Structures are given as structure tokens and as C-alpha cells.
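Observations on the three-dimensional arrangement
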Amino acid sequence: MAEEYASQKATSAAPDAALFWAEFSDLLKKKLWHQLTVLVESQIDSPLFRTADGRLEEFYTGFLSKVEDKLNTLSVVQLLLKVAATAPNQTSAIEFLSKFKPKAAKNDQANLLLLSSLAALTLESAEPADTKHAKAKELLQAAQAILDRLETVTPVHRAYYSASARLYKQQGNFDLYYAEALRYLGCTDLATVPMAEQQTWAFDISIAALLGDNVFNFGELLSNGVLQSLEGTPNEWLVRLLTVFNSGDVDGFAALEPAWTSNSDLAPKATALRNKLVLMALMEQVYHAPAHKRIFPFSDIAAHARVAEDQVEWIVMRALSRGLVKGTLDGVTRTAHLHWVQPRVLDLKQLARMHENLQTWIGTVKSAAEQIRTQGAELLVE
């Protein structure tokens, strides 16, 4: 019985733990389940439950397993995850948590957290890659169905996006990893993430941004505080490299070559990185061009992207086919008429440039209005 467990703990507790177990026993006798849950959650990571003799396992068998039906389902899953963390290996932890799946299914948030946590444990297991990837994918698909039913972002979304990102990382899918990692960061308070873990996320998502075939918008990542974790570390150059790509700075890319060529992920992809950079340089060139100057000679594009002029047509065609820009090519006049560029999240420098363009446009409109007023006054009706 749970009461026997509580009574034993209250009787044998050391002086520094006596107050907790006395309150625990009192709340249990009064069947104040919510207050009891809050009390346990406040101390579950304390030395009361973190000793070499396995008190968390004892806590589960003596108390939690006896009253789990009376407690909030989500809170029970959160407590079970603490207990599972003490298991000798991932397989044992998965077997332990899987027993609670039928009960967790009664609550969407609890079920989402449990399925996501099982997927994460599966990915950490020693099973062959194909096997654990297939199992994790199945669990995440079930979790995705729950996710789609939830109307707002909840604290347990974080567990889903973390596990999903981990799957795509192991599979080497940079585009999907980048998307899921951004979602994870978007619903995570970085103050709750250890610095070492922040640095891992920052490094991995930076590499994914650079190597993702369809990632051409670094603005959201650059505005995320996780990149600050790389400041003062050997990987600090990654933030500068992201900024270089985001602004289409070909010269800056060349200046950082000693850094990125020393990275085992980026060095073999040198050609792909350069090809991606020239596309981003074109996007930046089109974005900042005034509305009345959207016809670009091949020579101007070549000079901006630091490429030979005979490569420009291929570059523009790639940008058009990927939907990065819209417009037409004229091989006779050797010009590109580009009137649209894919929307992006802007950094402060890009916003400043946009402000300058708006001011120029406002000035042009005012000038035109003044010209109409002075030269065509007789045509205007007050």
C-alpha cells in the first residue's frame, strides 16, 4: 500500500528529509492528489530521490504504481520518465515506459509526451539503424496525429520536435532536421537547456542550414539565441559563416575558408556550398534592387556573385526552377528581368536596407505628387 510506503519513509527519514516525508504522508492520508503531485514534482530531482540505492525505483514500486490512476496523467508520465532515466539501458527504459501506453492514451498531452520519449529512447538504443529508425518513425507518426489535434503549442511539443529532429539527424536529412530543430527551439526556453546541449543544437542546426538543399533562409536561425552559445568556442566561426551566406557575401565566404574547410561535414561539400552561396547572392542582389531597376545585365550578376559571365544563365535558371526568384531571361540582350524574390526572415542589416529603399520610394512618390500638383493643377479638382 502507498500509505505503508509513506509511513516507512516518514519514520526512517533523515532529519533533512523528515519535513518532506511528513508532508508527503499527510497529503496522502487526506487524498489531496494535486497537492501531493506538486510536492513530488518540486523534489523529484533532489537528493531525496537521487541516491545510489535506487530510491526512484523504490518510489515507483512503493507509491507511484499504487496511485497512478488517481494522479494527473501528464504528471504521471513526467514522473515515469524520471524513473526510466535510472534504467540500466534504453531497452529496459522502453519496456518500463511501454507498460503505461494504454493509460497515457486517455490524455493527448500525456500520450504525446510518452510516444515522443519512447521514440527518443529508441533512437538512442543499440539496435541496427534501419530497425530503430523504423520503430521511431512509427512512434512519431502516432505522436504527429495527436499533435495535429492540439489547438495550441504545449510544453510537450518540445519532446516531439526533439525526437523528430534526432531521427532526421541520424538519417542525414538536413532539410527536415533544420525544420524540426527550428520548431524545437521555437517552443523551448533556452534557460532550461544546459549550455553544452545548447552548443550541440547550435552546431548541428548550423551545419544543417548550410548543407540543406532547400534551406535558403537563415534569418530565423540567426535571430535565435541558441547561436550565442557558440560565442567564445572553437565553433564561433559558424555564426559568421551563416551571416555570410544570409547576406550572399562571396568575399566573406572566401575569407572564412580556412575555418569551414577544417570541418569534416563541410569540406567535402565545398562545391555545393559555393553553388548555394551564389544563389543566395543573386537573391540578395534582387531583393535590394530598386523596383525600377529589376533588369540585371549578366555582367552585373557575374560581378556580384564573383563568377564567370558564362555561368550566369545557369545560375539564374537554377534560381528560377527552385522558386527563389521569378522573372525571365533574355539570351539576346544577356539580361535577366527578375521582379520577385522568395520572402525571407531579415536580419537587422537587411531591415536597414529595406528602410532605405522605402525612404527612396517615399521620396519618389512625393516628387511625382509635387510634379503633378505644379504642372497639372488645372486638371485637378479640389
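Anyway, here's the lowdown on the structure attached to this text. (Residues numbered from 1 in each chain as written. Predicted model: local features only at pLDDT ≥ 70, side-chain atom pairs only at ≥ 80, totals over all residues. Heavy atoms only, no water.)

Here we take up the overall build of the chain. Scanning the chain from terminus to terminus reveals 20 helices and three strands. Taking 2.2 N^0.38 as the reference for a compact globule, 382 residues should give roughly 21 Å; the C-alpha atoms of the chain span a radius of gyration of 29 Å, well beyond that estimate. C-alpha extents for the chain along the principal axes are approximately 95 × 60 × 40 Å. Taking all 382 residues of the chain together, 43% fall into the buried category. For the chain, restricting intrachain contacts to residue pairs at least 6 apart in sequence, the fraction spanning at least 24 positions comes to 60%. Of the accessible surface of the chain, which amounts to about 20300 Å², a share of 54% is contributed by carbon and sulfur atoms. Averaging the locations of the 37 positively and 44 negatively charged side chains of the chain gives two centres separated by 3 Å. (Helix = DSSP H or I, 4+ residues; strand = E, 2+ residues; numbered from the N terminus. Rg over C-alpha atoms; globule rule 2.2 N^0.38 Å. Buried < 20%, exposed > 50% of the residue type's maximum accessible area, 1.4 Å probe, protein only. Contact = heavy atoms within 4.5 Å. Areas by Shrake-Rupley, 256 points an atom, 1.4 Å probe, with all protein chains shown as cover. Lys, Arg positive; Asp, Glu negative; His and termini not counted. Charge placed at Lys NZ, Arg CZ, Asp CG, Glu CD.)

Before going further, it helps to spend a moment on the pattern of salt bridges. Following the criterion strictly, the structure yields twelve salt bridges and no others. The residue Glu 68 makes a salt bridge to Lys 103 at a minimum N-O spacing of 2.5 Å. Here Lys 103 lies in helix H7 (residues 101–104) and Glu 68 lies in the loop between helix H4 (55–67) and helix H5 (73–84), a separation of 35 residues in the sequence. A relative accessible area of 10% places Glu 68 in the buried class. We classify Lys 103 as partly exposed; its relative accessible area is 29%. Lys 103 is the partner of Asp 69 in a salt bridge, and the nearest nitrogen-oxygen pair spans 3.4 Å. With Asp 69 in the loop between H4 and H5 and Lys 103 in helix H7, this residue pair connects regions lying 34 residues apart in the sequence. A relative accessible area of 61% means that Asp 69 is categorised as exposed. One network of salt bridges, in which partners are shared, links Glu 68, Asp 69 and Lys 103. (Salt bridge = Lys/Arg side-chain N within 4 Å of Asp/Glu carboxyl O.)

Judged by nonpolar contacts, the single largest core of 121 residues is most densely connected at Phe 24 and Phe 63. For this core, the element with the most residues is helix H17 (residues 270–288), which contributes eleven residues. Not counting residues up to four positions away in its chain, the partners in contact with Phe 63 are Ala 2, Tyr 5, Phe 24, Leu 28, Leu 36 and Glu 58. (Core = buried A, V, L, I, M, F, W, Y, C linked by side-chain atoms within 4.5 Å.)

So, on to the packing of helix H6 (residues 90–98) against helix H8 (residues 108–124). Where H6 contacts H8, the two axes come as close as 9 Å, and the packing angle between them is 160°. Relative to H8, the element H6 lies roughly antiparallel. Crossing hand, H6 versus H8: left-handed. Counted together, Gln 90, Ala 93, Ile 94, Leu 97 and Ser 98 of H6 and Leu 114, Leu 118, Leu 121, Thr 122 and Glu 124 of H8 form the full contact between these two elements. Grouping the amino acids of the contact of H6 with H8 by side-chain chemistry returns six nonpolar, three polar and one charged. (Axes fitted to C-alpha atoms, helices over the stretch in contact; angles between N-to-C directions. Parallel < 35°, antiparallel > 145°, perpendicular 65-115°, else oblique. Left-handed = near helix turned anticlockwise from the far one by under 90°. Nonpolar A, V, L, I, M, F, W, Y, C, P; charged D, E, K, R; others polar.)

Of the pairings in the sheet, the one linking strand S2 (residues 325–330) to strand S3 (residues 335–341) comprises six bridges and is antiparallel in character. Across the sheet, the residue bridging to Thr 328 is His 337, located in S3. Hairpin connection from S2 to S3: four residues lie between these consecutive antiparallel strands, with Arg 334 at a positive phi of about 55°. (Pairing = 2+ DSSP bridges.)

This paragraph deals with the packing of helix H18 (residues 298–305) against helix H19 (residues 312–321). Closest axis-to-axis distance for the H18/H19 pair is 10 Å, and the angle between their directions is 85°. On the basis of their axis angle, the class for H18 and H19 is roughly perpendicular. Contacts between H18 and H19 involve Phe 298, Ile 301 and Ala 302 from the first element and Val 312, Glu 313 and Val 316 from the second. The class makeup of the residues in the contact of H18 with H19 is five nonpolar, no polar and one charged.

Attention shifts here to the sheet that holds S3. Across the sheet, which stays open at both edges, the three strands sit in the order S1-S3-S2 with antiparallel pairing between neighbours. Of all strands in the sheet, those bounded by a partner on one side alone are strand S1 (295–297) and S2. Neighbour-to-neighbour, the strand axes of this sheet turn through a mean angle of 25°, independent of strand direction. Pairing geometry for S1 and S3, over three bridges, is antiparallel. Paired with Phe 296 across the bridge in S3 is Ala 336. Against the sheet, H18 makes contact with S1, S2 and S3, and its axis sits at roughly 75° relative to S1, the strand it touches most.

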